[in-house]
Amino acid sequence: MIGYYVHHQGKGHLHRARCIAQRTRTPLTGLSSLPRPDDWDGDWIRLPLDTGADTAAADPTAHGRLHWVPRHHAGLRSRMAAVADWIERTAPALLVSDVSVEVAVLARLMGVPVVVSAMRGDRSDPAHRLAYDLADALLAPWPAALPESDWPQEWRAKAQHTGAFSRHDGRPRPDTGPRPEGSATGREVLLLLGAGGAEVTEADLRTAAEATPGWNWTVLGGPGDWSDDPWPLLCRADVVVTHAGQNAVAECAAARTPAVIVPQSRPHGEQHATARALAAGGLATVRDHWPEPRDWPGVLDEAVRTGGQRWDLWAPGDGAERAARLLDRLASPDPRTGPDGHADPVPTSGAGGSGTCASR
């Protein structure tokens, strides 16, 4: 049995978990405050929230050593008790944390090997160092060719670079049909903001659209509509404008659509670190801040020239399969084999291959 902790902020953690769960041969239990997904085959433990009316409790970082452990917090106490109870009842072979330092530490304190879903940015704070140090493996959903350069050698040695993966990997491109009315040139921009919070305002969008009369803008998330399935719009777009969250970038890469990446402010500089890696690889057009209106025509033209041909470096298409093989191997009684007893090596990032993580 493998436990998989899914953080409830945004949608990316859940999308990754669903992709991997569809690939593992070892039974997998989800642990999260999120509702159980319709396509989740294994068990799902709904965890109490550790936020609420009593979040003013003292010392939430345990003197700077953890991220969120406020004293005398009923939700935190119930949440950790639920995880500990599940571990005691099921004796899992492995726990994946995506992503909580505290859950990773709890599992390891109970003798359970841990895989931590790694994130870019400055993870040198004491809490991240603790989690990354105690992990048996770091699941890094980006290519080894574009590493985090400041990681210590011991983290690099146990990192498994799967490349980015998305629920859309291997999904056929749809017949997107005719362009919507009102698009003078037929060129389409998809602004993809997601569910994790955005710094783009309606005024930013309006002035960008006014400055690019040859482009038709569609907005998903933020001030726009929400879609559970953005794949047709990703494929129809000539350019996607989005932030540098792992999931948003992976979905652009799966569609092989040219992209403009504008990183948002996130703890530990995660999105800015991702944006730097994309720029270094020549994979997308990157701007550190939302461009001025006068700059947008040139930015979109640059994205078209950059194209989407190099996205396969970032997302080879079989990242979820690689991650599932890693978990199966680590959960096996003999870590050199998979759960069926046969040798099951984890391929290095950069190899070809494809598969689908689309919802079943």
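Keep in mind it's a predicted model, so treat the numbers as computed, not measured.

Engineer: I'm lost on the environment of E148 in this one. Help?
Structural biologist: Along the chain, the position of E148 falls in the loop between β6 (137-140) and α5 (153-158). A distance of 2.9 Å separates a polar side-chain atom of E148 from the backbone nitrogen of G121.

Engineer: Sorry, what's going on with the pairing of β6 here?
Structural biologist: Going residue by residue along β6, you find A137 and L139 tucked away on one face and L138 and A140 tucked away on the opposite face as well. Inspection of the sheet shows strand β5 (residues 114-117) paired to β6 by three bridges, in the parallel sense. Note on β6: the bridge partner recorded for V116 is L138. For the crossover that starts at β5, traverses helix α4 (residues 126-134) and ends in the parallel β6, the hand is right-handed. Examined bridge by bridge, β6 and strand β7 (residues 159-161) share three bridges and lie parallel to one another. When the sheet's bridge partners are listed, L139 is paired in β7 with Q160.

Engineer: Would you explain the pairing of strand β8 (residues 187-194) in this entry?
Structural biologist: It is a general feature of regular strands that their side chains alternate between the two faces of the sheet. Within β8, six of the eight residues are buried, which leaves the element mostly enclosed by the surrounding structure. Two strands pair when backbone bridges link them, and β8 and strand β10 (residues 239-242) are joined in this way by four bridges, in the parallel orientation. Counted as the bridge partner of L192 is T242 from β10.

Engineer: Is there a simple way to explain the pattern of salt bridges in this structure?
Structural biologist: For the structure on display, the rule yields 15 salt bridges. The partner of D50 in a salt bridge is R79, with the nearest N and O atoms 3.9 Å apart. Within this pair, whereas D50 is found in the loop between β3 (44-46) and α2 (74-90), its partner R79 is found in helix α2, the two being separated by 29 residues in sequence. Accessibility assignment for this pair places D50 and R79 in one class, buried. Of the charged contacts, one joins E321 and R325 as a salt bridge, the two residues approaching to 3.2 Å between their closest N and O atoms. Here E321 pairs with R325, and both are found in helix α12 (residues 319-331), just four residues apart, close to one helical turn. On the basis of relative accessibility, which here comes to 22%, the residue E321 falls in the partly exposed class.

Engineer: Sorry if this is basic, but what is going on with unusual backbone geometry here?
Structural biologist: If a residue is not glycine, its phi is most likely negative; likewise, a peptide bond is most likely trans. For the bond from D98 to V99, the omega torsion is 0 degrees, close enough to zero to count as cis. Mapped onto the elements, V99 comes out in the loop between β4 (94-98) and α3 (101-109). Although it is not a glycine, H63 sits at a positive phi angle of roughly 60 degrees. Within the secondary structure layout, H63 lies in the loop between β3 and α2. The class for H63 is exposed, based on a relative accessible area of 66%. Notably, R256 is not glycine yet its phi reads approximately 55 degrees, a positive angle. Along the chain, R256 falls in the loop between α8 (246-255) and β11 (259-261).

Engineer: Where do I start with the confidence of the model for the chain in this structure?
Structural biologist: Close reading of the predicted structure is inappropriate where its pLDDT is low. On average, residues of the chain carry a pLDDT of 89, and 88% of them reach 70 or more. Between residues 347-356, whose pLDDT stays under 50, and residues either more than four places distant or in other chains, the model counts 29 contacts.

Scoring rules and cut-offs
Residues numbered from 1 in each chain as written. Predicted model: local features only at pLDDT ≥ 70, side-chain atom pairs only at ≥ 80, totals over all residues. Heavy atoms only, no water. Helix = DSSP H or I, 4+ residues; strand = E, 2+ residues; numbered from the N terminus. Polar contact = N/O pair within 3.5 Å; in protein donor to acceptor, adjacent residues only side chain to side chain. Buried < 20%, exposed > 50% of the residue type's maximum accessible area, 1.4 Å probe, protein only. Pairing = 2+ DSSP bridges. Right-handed = clockwise from strand over helix to strand, strands pointing away. Salt bridge = Lys/Arg side-chain N within 4 Å of Asp/Glu carboxyl O. pLDDT = per-residue confidence, 0-100. Contact = heavy atoms within 4.5 Å.

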